[in-house]
Amino acid sequence: MNALLQPLTECTVGGFRWSLRPDLRERLLDDQGLRLGEWLQTGQARVVKLGPHRIVYRVELPGLCFYVKHNFIHDQRAWFRQLVRQSKARMEYDRVVAAAERGIPTITPLAIAEQETQVGSGESILITESLEDCLPLHFFLAAVLPTFAEPRQSRLRQRLAIELGRLVAKVHEAGILHHDLHAGNMLVRVVGVDQVELFVIDLLAVKMGPPLDWEQSRENLVMINCWFTLRVHRADRLRFWKAYFEARKLGAWQRDRHGAKLYAKELHDIEEQSWQRNLRFWQRRDKRCLHNCRYYRKINGPSVVGHAVMEIADADLVELLNDPDALFTAAGGADSSISILKQSASSTVIEMDFRVNGQIRRVVFKRFCVTSWTDPVASLFRSPPALRSWIHGQGFRERGLPTARPFVVLHRRAYGMWHEGYLMTEKIAHADDLHVTVERIDRAAPLDRARLMRRLIERVARTIRSLHQRELSHRDLKAANILVRRWDAPENEPSAYSQDIQNLLYMPESFVWLIDLVGVEVFGELPRSRKVQNLARLNASFVDSEKITRTDRLRFLLTYLHCGAFGKCDWKSWWKEIDWATLQKVDRNRRRGKPLQ
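This one's a predicted model, so the numbers in the text were calculated from it and none came from an experiment. (Residues numbered from 1 in each chain as written. Predicted model: local features only at pLDDT ≥ 70, side-chain atom pairs only at ≥ 80, totals over all residues. Heavy atoms only, no water.)

*Asks:* Looking at this model, I keep getting lost on the sheet that holds strand S22 (residues 431–433). Mind explaining?
*Replies:* Within a beta sheet, neighbouring strands are joined by backbone hydrogen bonds and run either parallel or antiparallel to one another. Strand order across the open sheet formed by three strands is S22-S24-S25, with antiparallel pairing between neighbours. Edge positions in the open sheet fall to S22 and strand S25 (512–514), since each of these has one partner strand only. Between one strand and the next, the sheet's axes are offset by a mean angle of 30°, whatever the strand orientation. In this sheet, S25 lies alongside strand S24 (residues 482–485) in antiparallel orientation, the contact comprising three bridges. By the bridge assignment, Ile482 is partnered in S25 with Leu514. (Pairing = 2+ DSSP bridges. Helix = DSSP H or I, 4+ residues; strand = E, 2+ residues; numbered from the N terminus. Axes fitted to C-alpha atoms, helices over the stretch in contact; angles between N-to-C directions.)

Below, the structure written as structure tokens:
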């Protein structure tokens, strides 16, 4: 607090008006302005965030570590906004000071700078002291906490949930409405004997006022819970709510005389609203992968157009854009690094090496062939298969569903119609499709077989339940389109290498992946008939298999329905509907001469 209240001296250097602590002027500034160029040359500064609207550096000097946030006027809208409001650095500085004065643990600002302009405010710089030994909360939960042994891991997890509830209650009681309060904007530090300290950062999107009423508090809690509901267990979310409930003095944490849990009503509302908000959020972001942004970009070649993720360099796309068919021609020939996985009239799939984020990785490259003159015409009315796979692949990752991450999508285009499509995805290592996995389990010892089969059933059923909870349907949910990590795979080698643990969208390593997403559809509310169709399609893959018993099928259905968790469930009606739909699917395929996979 004392550091925040220290008086600042003002000076003008390099076209910026500076306000900074007197003892830091010589260390931070020279005659030209901020010594950033010098620090970058010596390696004392590095970029930690980069975007069109701002760039953030971390600077490590002897005895002093801090962050430099440089805000830009990056578009016309930002230029108009700066005519009538303070600079972003000034706004954030004032809100940091106000939050600290209200007792909220946060960062310490060291200096601010505003560009000298004749009208409005221009570029601005905010320098804040680094909170040492702190980590972003989302990174701590994903990368650090799982490395602790039990019971320390559980103890820290529980204390973290309680302290987070108390902190959010303190923020709301202080009259602070943080419109971007997620796990990436909270820092955690472990001190003493497994005690945790939490700090709130990035206070630009903050509104100060009187203590928040319940309507404002609930909306803010819903926003916070949107991230945690996918990544934190229900028990820890309940601990958070209990700590918040008691800190805000919202009532007695006990049952009434009739046995009802009055405190649980608001919690149920928050959970339900969080899920509905997530569904709306995901649907709004589904088409983001078709535009230029911080994660994706449009690409063009002599005969193809498409999209790519930012981890693929332009130089690595040259050969692909010139002639994507050349790789399929080379498959199975002299280049032994390219192997054919599937070849049919409708598609060809190869596996090859490709540079991703500067490293050579194994990828799967699929060509969607044109099998009829109607295929290009149909592209005038709906997205072609490769583009649908690209959109749904990115959408799966947004929703925390396991799939092979798409890297590049290409299409040949003529006369406004889409022709051949090409999709490149990561290669899921140490995994087999569901048919192969069942065969491997069947060859195991009897006791191992029972244990492995139950584990497999539980994981696949939960994955499909998660798919349907997100209002998604996969009409081609056959065994060949479900990959399962081998139980004897190396523990230190992940199957999906493209996961960025620093990213807010990071999900823990999965054991089941859904692939071939051409048949995926997004619903506002997924009807039961679609759920039955998906389950029947999977059941049809094993309709003649003696390795999957009726007991196995029932155990799968009960796990999928979450029977017993929320009272009784009508599994018998589901069983009959799935059985009837399976027979219909089998009969239809036999009449058409198509095999069941």
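*Asks:* For this particular structure, what's the right way to read helix H4 (residues 88–101)?
*Replies:* Because the α-helix completes a turn every 3.6 residues, residues three or four places apart line up on one side. With 14 residues, H4 extends 20 Å between its outermost C-alpha atoms, agreeing within 8% with the 20 Å of an ideal straight helix rising 1.5 Å per residue. Contacts from the buried residues of H4 go to strand S2 (16–20), strand S7 (64–71), strand S8 (108–115), strand S9 (124–129), strand S11 (176–178) and strand S14 (206–208). Downstream of H4 by one or two residues, Gly103 has phi in the positive range, about 85°. (Expected span 1.5 Å × (residues − 1). Contact = heavy atoms within 4.5 Å.)

*Asks:* Help me out: how do you make sense of the sheet that holds strand S13 (residues 195–200) in this one?
*Replies:* Strand order in this open sheet of three strands is S10-S12-S13, and the pairing throughout is antiparallel. This sheet does not close on itself; its edge strands, each paired only once, are strand S10 (135–136) and S13. Direction of pairing for S10 relative to strand S12 (residues 186–191): antiparallel, over a ladder of two bridges. When the sheet's bridge partners are listed, Leu135 is paired in S12 with Val188. Each of S12 and S13 touches helix H6 (residues 152–173); the most contacted strand, S13, lies at about 35° to it.

*Asks:* Would you take a moment to explain the packing of H6 against helix H7 (residues 214–231) for this structure?
*Replies:* Two quantities define a packed helix pair, namely the angle between the axes and the distance from one axis to the other. Their axes nearest at 11 Å, the elements H6 and H7 cross at an angle of 145°. Judged by the sense of rotation from one axis to the other, the crossing of H6 with H7 is right-handed. In this structure, H6 uses Leu164, Val168 and His172 to contact H7, whose residues at the interface are Ser217, Asn220, Leu221, Ile224 and Phe228. Of the residues that constitute the contact of H6 with H7, the class distribution is five nonpolar, three polar and no charged. (Left-handed = near helix turned anticlockwise from the far one by under 90°. Nonpolar A, V, L, I, M, F, W, Y, C, P; charged D, E, K, R; others polar.)

*Asks:* Even after reading the chapter, I still don't get the pairing of strand S19 (residues 359–368), so can you show me in this structure?
*Replies:* The side chains of a regular strand alternate, first on one face of the sheet and then on the other. Inspection of the sheet shows strand S18 (residues 347–356) paired to S19 by 10 bridges, in the antiparallel sense. Note on S19: the bridge partner recorded for Val349 is Lys366. Following S18, the chain reverses through two residues before pairing antiparallel with S19; Asn357 in that reversal takes a positive phi of roughly 55°. Here S19 runs beside strand S21 (residues 417–426); their pairing, made up of six bridges, is antiparallel. Counterpart to Phe365 in the pairing with S21 is Met424.

*Asks:* Explain the nonpolar core here, please?
*Replies:* What tends to happen in soluble globular proteins is that the nonpolar side chains get buried as a cluster. Grouped together as the largest cluster of nonpolar side chains are 49 residues, with contacts concentrated most on Leu137, Leu164 and Phe228. Looking at this core, the elements with two or more residues in it are H4, helix H5 (137–144), H6, S12, S13, H7, helix H8 (234–247) and helix H9 (262–285). (Core = buried A, V, L, I, M, F, W, Y, C linked by side-chain atoms within 4.5 Å. Buried < 20%, exposed > 50% of the residue type's maximum accessible area, 1.4 Å probe, protein only.)

*Asks:* Whenever I open this one, a nonpolar patch on the surface confuses me. Can you help?
*Replies:* Residues Trp373, Val377, Leu380 and Phe381 make up a contiguous nonpolar surface patch of roughly 510 Å² in combined accessible area. Structurally, Trp373 can be placed in the loop between S19 and helix H12 (374–378). (Patch = residues over 30% accessible without salt bridge, like charges linked within 9 Å, V, L, I, M, F, W, Y side chains within 5 Å. Areas by Shrake-Rupley, 256 points an atom, 1.4 Å probe, with all protein chains shown as cover. Salt bridge = Lys/Arg side-chain N within 4 Å of Asp/Glu carboxyl O.)

*Asks:* What's the story with the pattern of salt bridges in this structure? I'm lost.
*Replies:* Summed over the entire model, instances satisfying the criterion amount to 46 salt bridges. Across the salt bridge formed by Arg362 and Glu351, the nearest N and O atoms sit 3.1 Å from each other. Taken as a pair, Arg362 in strand S19 and Glu351 in strand S18 lie far apart in primary sequence, 11 residues in all. Judged by relative accessible area, Glu351 falls into the buried class, the value being 13%. Notably, a salt bridge pairs Asp476 with Arg537, separated by 3.8 Å at the nearest N-O pair.

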